[in-house]
Amino acid sequence: MSQPDPAGDAGSDWSALLVAVGQRRDRAAFARLFAHFGPRLKSYLMRLGAQPNQAEDVVQEAMLMVWRKAHLFDPQRAEAATWLFTIARNRRIDLLRRDGRGGPAASLPWEDNLPDPVDETPLPDERLDQTRQAEQVRRAIATLPPEQAQVVHLSFFQEMAHGAIADHLDVPLGTVKSRLRLAMKRIRQGLGKDTFGKDTLAEETLPDPPPTGA
Amino acid sequence: MTDTRHHPSEATLMAFAAGALDEGLALVVSCHLVSCPACRALVAEGEMIGGALLDSSQPAPLADDALSRMMARLDEPEPPPPPATDGNAPAWMPAPLARQMNALHGPSWAAQARRSLGWRWLAPGVRQLSVMRRTRGGGTARLLSIAPGTTLPHHDHGGLELTCVLDGAFHDERALYQTGDVAELEPDTPHQPVAEGNHPCLCLIANEQPTRFSGLVGRLTQPLIGF
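Residues numbered from 1 in each chain as written. Chains lettered and ligands numbered in written order. Predicted model: local features only at pLDDT ≥ 70, side-chain atom pairs only at ≥ 80, totals over all residues. Heavy atoms only, no water.

Engineer: Would you explain the environment of Ala 88 of chain A in this entry?
Structural biologist: All names here are of chain A. Among the secondary structure elements, Ala 88 is positioned in helix 4 (residues 80-101). A relative accessible area of 3% places Ala 88 in the buried class. Taking C-alpha positions, Ala 88 is 9.7 Å from Tyr 44, a pair spaced 44 residues apart along the chain. Setting aside residues no more than four positions away along its own chain, Ala 88 makes contact with Leu 41 and Ala 62. (Helix = DSSP H or I, 4+ residues; strand = E, 2+ residues; numbered from the N terminus. Buried < 20%, exposed > 50% of the residue type's maximum accessible area, 1.4 Å probe, protein only. Contact = heavy atoms within 4.5 Å.)

Engineer: Mind showing me how you'd approach helix 3 (residues 52-69) of chain A here?
Structural biologist: The end-to-end C-alpha distance of helix 3 of chain A, which contains 18 residues, comes to 25 Å, matching closely the 26 Å that a straight helix rising 1.5 Å per residue would cover. Counting buried positions over the 18 residues of helix 3 of chain A gives 14, a clear majority of the element. (Expected span 1.5 Å × (residues − 1).)

Engineer: I'm lost on the sheet that holds strand 3 (residues 140-146) of chain B in this one. Help?
Structural biologist: Within a beta sheet, neighbouring strands are joined by backbone hydrogen bonds and run either parallel or antiparallel to one another. Residue and element names in this part refer to chain B. Strand order across the open sheet formed by 6 strands is 1-2-3-9-4-7, with antiparallel pairing between neighbours. Edge strands, defined here as strands with exactly one partner in the open sheet, are strand 1 (120-123) and strand 7 (182-185). Averaged over all pairs of adjacent strands, the angle between their axes in this sheet comes to 30°, without regard to strand direction. Direction of pairing for strand 4 (residues 161-167) relative to strand 7: antiparallel, over a ladder of 4 bridges. Bridge pairing in strand 7 places Glu 161 opposite Leu 185. (Pairing = 2+ DSSP bridges. Axes fitted to C-alpha atoms, helices over the stretch in contact; angles between N-to-C directions.)

Engineer: Looking at this model, I keep getting lost on the pattern of salt bridges. Mind explaining?
Structural biologist: Should the charged atoms of two oppositely charged side chains come close, the side chains can pair. Tallying each qualifying case throughout the model produces 16 salt bridges over all chains. A salt bridge links Glu 56 of chain A to Lys 42 of chain A; the nearest nitrogen and oxygen atoms lie 2.8 Å apart. In this pair, Glu 56 of chain A sits in helix 3 while Lys 42 of chain A sits in helix 2 (residues 27-47), placing the two residues 14 residues apart along the sequence. Side by side, Glu 56 of chain A and Lys 42 of chain A carry an identical accessibility label, which is buried. In this structure, Glu 45 of chain B and Arg 188 of chain A form a salt bridge, with 3.1 Å as the shortest nitrogen-oxygen distance. (Salt bridge = Lys/Arg side-chain N within 4 Å of Asp/Glu carboxyl O.)

Engineer: Could you clarify how one ought to interpret the environment of Pro 200 of chain B in this entry?
Structural biologist: All names here are of chain B. When you line up the elements, Pro 200 lands in the loop between strand 8 (194-196) and strand 9 (201-207). Along the chain, Pro 200 and Gly 125 lie 75 residues apart, while their C-alpha atoms are 9.0 Å from each other. Apart from the residues lying within four places of it in its own chain, the contact partners of Pro 200 are Ser 145, Ile 146, Ala 147, Pro 148, Asp 167 and Gly 168.

Engineer: Which parts of the structure should I look at to understand unusual backbone geometry?
Structural biologist: A negative phi angle is the norm for most residues apart from glycine, just as the trans form is the norm for most peptide bonds. Residue and element names in this part refer to chain A. The backbone of Arg 25 shows a phi angle near 50°, a positive value even though the residue is not glycine. Judged by relative accessible area, Arg 25 falls into the partly exposed class, the value being 35%. Its identity as a non-glycine residue notwithstanding, Asp 170 has a phi of 55°, on the positive side. Looking at the element boundaries, Asp 170 is found in the loop between helix 8 (162-169) and helix 9 (173-190). By relative accessible area, which is 69% here, Asp 170 ends up exposed.

Engineer: How should the interface of chain A and chain B be read in this particular structure?
Structural biologist: Often the size quoted for an interface is simply the accessible area lost on bringing the parts together. Across the contact, 76 residues belong to chain A and 76 residues belong to chain B. The contact between chain A and chain B buries some 7100 Å² in all, and 61% of this surface belongs to carbon and sulfur atoms. Linking chain A with chain B are 9 salt bridges. With a closest N to O distance of 2.6 Å, Lys 177 of chain A and Glu 184 of chain B form a salt bridge. Where chain A touches chain B, the interface holds 18 residue pairs in polar contact (both at pLDDT 80 or more). (Buried area = accessible area lost by both parts, 1.4 Å probe. Polar contact = N/O pair within 3.5 Å; in protein donor to acceptor, adjacent residues only side chain to side chain.)

Spelled out as structure tokens, the structure:
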């Protein structure tokens, strides 16, 4: 499900390992997850600007949350990498907030225990196998036009909101928003989903960027 | 509400999924997500993008002792869970905001007299309650209670502004916003909300830090009320 790995974990079923951790407190399974995802989390955190030492610490904190929360992981609802991403994202923000305030963090808006969107959303497709979906997302990301891939990467790896991205790329805010919108549309199409008929989309008045990029 | 009609932009939902949204804005999005399955689905897709990007990251080697340090920590006692709300939160308050209030004021905040939470007079017919200390990015989040028919002072803002209607409704120059709806305002978009109906309109409003100033005139017209 992911590219070969120095640890020889190619083909490992990360979801099954997470389930083993959640259900049986399986330390060997956790160690394999750590060997695979730890270095990737470190890389992700360093791209967000963390120094190597800080990144190591946050990896430890995030993976500790993975250990503690693995019983909440539901392979029907999320792929292992997606679930780990959300845990690491939340833990990182939580730690940043603690640092900034010198006290315990307030509640985290991201950590919501919200109902499963898929359960309530009348999507025509049956729930695809999560691993297959993740593969389709990966493929869709890989084929994004460069200017769309760039705004996606800036969002996820530079922690930039779209205003900051617009400043960074020196393009109008509307261009950034429309590139993100097009990227999401393309990824959704990769998942075989139609665009939601939301008013905000219909009302979108932002101009699309010219085909060659602004 | 399951049929909200005004949503955060997809760009905002993507930034939320990426963890790139300032926390006040993220709180507004969270409150909207409670009642909007369509936006939850979009956020879930954004998180899949995050997962895919994480999984395809070039691995950065960990320190030699990283695994042994990690395994040694697995038996650390877990910190106690944050105290639950005491069940007295007003019916209109979505759970993410109730948790935020809980974190800010302690678990018994809802049982206290509402006045002691710090509702402050802002303008005739308008009261505000801060729900967040200034955010990491310098933004704010606050509750506004706007009496029916009251018009908010005309205002402008330097950064993105998100408003989620928690109870009642308001309209501005662009649209009518009802419970659950989100108004997303670009920087430098002046607007003038007017409360609709016959009971107060309660909104959660967050701004990101204004990052750009449009010269002296822009700065002078920064509203007195701090939007």
